[in-house]
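# Structural overview
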Amino acid sequence: MERAAACPAVGGSYPQKNAEILSSQYGINLFLAGLLLTFAWAVHAVGISKSHLLSYLITLMLIQLLWMLWYLCRSCTQRRLIRDKDTHAGARWLKCGITLFAVITLILDSFKIGYYIDFSNCLSPTEGIFPVTHAVHTILQVYFLWCHAKDVIQSFKTLERFGVIHSVFTNLLLWTNGVLTESKHQLNEHKERLITLGFGNITIVLDDHAPQCNCTTTTLCSIFSQGIYYLYPFNIEYHILASTMLYVLWKNIGRKVEHHQQNKTPFKFHGITVGTIFGLMVLTSTIAIVVVYLIQIGGSKTKSELALTMFYLHAIFVLALMCTAGIIALLIYRLEDRSLDNSKNPARKLDAELLVGTAAGSWLLSWGSILAIICAQGHPKYTWYNLPYSVLVIIEKYIQNLFIIESIHREQEKVNDDIKTLRIVTISRGSTLSLPPLYKEVYNGRATHDSGDVPCLFRGSICGRENNGAGVAKEEVSQDNSLVMHSASDFSFYSRNTVTNNKRRILKNIAAFLFLCNLSLWIPPAFGCRPEYDNGLEEIVFGFEPWIIVVNLAMPFSIFYRMHSAASLFEVNCKT
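Presented here is an overview of the structure given in this document. If you're wondering where the values come from, they're calculated on a predicted model, not measured in any experiment. (Residues numbered from 1 in each chain as written. Predicted model: local features only at pLDDT ≥ 70, side-chain atom pairs only at ≥ 80, totals over all residues. Heavy atoms only, no water.)

### Focus on the packing of aromatic side chains
This structure, assessed with the given rule, holds 22 aromatic pairs. Taking the centre distance of 5.9 Å and the plane angle of 65° together, the rings of F311 and Y389 count as edge-to-face. Here the residue F311 occupies a position in helix α8 (residues 301–335), and Y389 occupies one in helix α10 (residues 386–409), the gap between them amounting to 78 residues. Accessibility classification places F311 together with Y389 in one group, the buried group. Three or more aromatic residues joined by ring pairs form one cluster here, namely F101, F234, W522 and F527. (Phe/Tyr/Trp six-rings, centres within 6.5 Å; stacked < 30°, edge-to-face > 60°. Helix = DSSP H or I, 4+ residues; strand = E, 2+ residues; numbered from the N terminus. Buried < 20%, exposed > 50% of the residue type's maximum accessible area, 1.4 Å probe, protein only.)

Pasting the structure below:
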């Protein structure tokens, strides 16, 4: 009978498992088709134009818009029903971050619309339809994620799996399109810079997709064309964040949620002053280095070499500081005895996987640079700084990944009740001198105003002056001894609590410092400061085209790693 009763439950999981497999395969095929279209346009394949790629992306966005509207309408009609929520998914700070990137993406879309209007005589209509559709898609998707990122879907599960996975891979394709467009622009600038560094023999004809007609308003066209490429990094981060949040939603479909209270972890600036100050110093200096780098690089051979040297020295110093901070944090963790939270958590699992997976992009570039330095026959002076820089990039990511992954898996510390009821009692000539009421009854939330009396401590019943009369001298001695013993115990609790607070303060400052450092290291590659392009030594050893392919594949993951690490470190700071 037990086996018969268990059969329906077991059999009922097969359709959902099949739906998960089918939906994932649908998404992968959707992505591969779009990836081939993108690649065909990039290499100027015969019969494939940009309008074909944009038409495909517009179709995917329209399908996602229809699904999101259907889901929102159905949720509105069932708003009175109590739904399961994943408290770990869709944190408020993550929603605020994606909203910021979405706003800048909308500005990018407006620039594209203006660019299309100025070149409308020779551009395909799809280039005007795409930014309009994308703007509508962005607005509705951000609203959807704000309202439903935490949902654990339990109805229409098969249909919802296909809808959510369609949204995931649509965002990944939009991310790929943005990465490719921005990379082609960076590559053209890189080819021009190599000439000034004396590597003219490895340059190739510029890959130009500019319109073949004149602009109606020259000044506006220049603003739009230049502004678009400075806004692309935010658009790229927006789509990858959206795809990760939607992927967590997809993983939560049909999941049984454990109903336990989730402690809120609000961000508090108090106690992280030192880490914030040092982090802001790194951020400010990094912005200055990027500005000088972009001005100097390509100006002349001497200026370009000085720009590269300046970048490497600054990066080496910052990475060394980050390694030191990470090692200190890990040593503090080794001194603590706290268990890990091994409960099922799709959002936390995805965070850990993304950290290690995207770090591989930087490791690939670093090992390529190390091999180039070892194997190259000639070494310009500035290329030697690339060796410690590449080694530190590898080590820093090892340490930082370990720190973040351990931090997000550690259980939050519970304050001991004995520490909450801490009392500091002073003994003077057999009488008790009580501290202000605030320190007497912290745990109970009220103050006792008994004149000169000390409340009962732990299990001992100490009543200060109620025992009048003689014949109790022995009892008074025993009470005094008990009071001294409990006072010593209280002081030990106080000392232990102080040590714990100091450790937490150090960890919060380290997390704040690393958070700002990761934002700082996100800025250079996102805005065109890429020594992997401008060094020139790797192109000589590996060949121009092979190395450029490696850089174009690995760089997007390296850029995303920094932003994802910053987001994870913000969460670590809140939890610590």
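### A closer look at the nonpolar core
In terms of nonpolar packing, the biggest core is built from 125 residues, with F144, F311, M322, Y389, F403, L514 and W522 touching the most fellow members. Counting residues per element, this core draws most heavily on helix α6 (residues 218–251), which supplies 16 residues. Shared between two domains, this core takes at least three residues from each, and those domains are domain 1 (15–256) and domain 2 (268–412 + 500–575). For F311, the residues in contact, after removing those within four places along its chain, are I289, Y293, Y389, P524, C529 and P531. (Core = buried A, V, L, I, M, F, W, Y, C linked by side-chain atoms within 4.5 Å. Domains from an automatic or database assignment. Contact = heavy atoms within 4.5 Å.)

### Brief notes about the packing of helix α9 (residues 346–375) against helix α15 (residues 544–575)
It is at 7 Å that the axes of α9 and α15 come closest, and there the two elements cross at 140°. Accordingly, the angle class assigned to the pair α9 and α15 is oblique. α9 and α15 meet at a crossing whose hand is left-handed. Between α9 and α15, the contacting residues are D351, L354, L355, T358, A359, G361, S362, L364, L365, G368 and S369 on the first element and W547, V550, V551, A554, M555, F557, S558, F560, Y561, H564, S565 and E571 on the second. (Axes fitted to C-alpha atoms, helices over the stretch in contact; angles between N-to-C directions. Parallel < 35°, antiparallel > 145°, perpendicular 65-115°, else oblique. Left-handed = near helix turned anticlockwise from the far one by under 90°.)

### Observations concerning the pattern of salt bridges
By the definition in use, this model includes five salt bridges. Residue E182 is joined to R530 by a salt bridge in which the shortest nitrogen-to-oxygen separation is 3.1 Å. Of this pair, E182 sits in helix α5 (residues 157–196) while R530 sits in the loop between α12 (473–526) and α13 (531–534), and the two are 348 residues apart along the sequence. In terms of burial, E182 and R530 fall into one category: buried. Notably, a salt bridge pairs R562 with E396, separated by 3.0 Å at the nearest N-O pair. Highlighted residues: R562 in helix α15 and E396 in helix α10, separated in sequence by 166 residues. A single burial state applies to R562 and to E396, both of which are buried. (Salt bridge = Lys/Arg side-chain N within 4 Å of Asp/Glu carboxyl O.)

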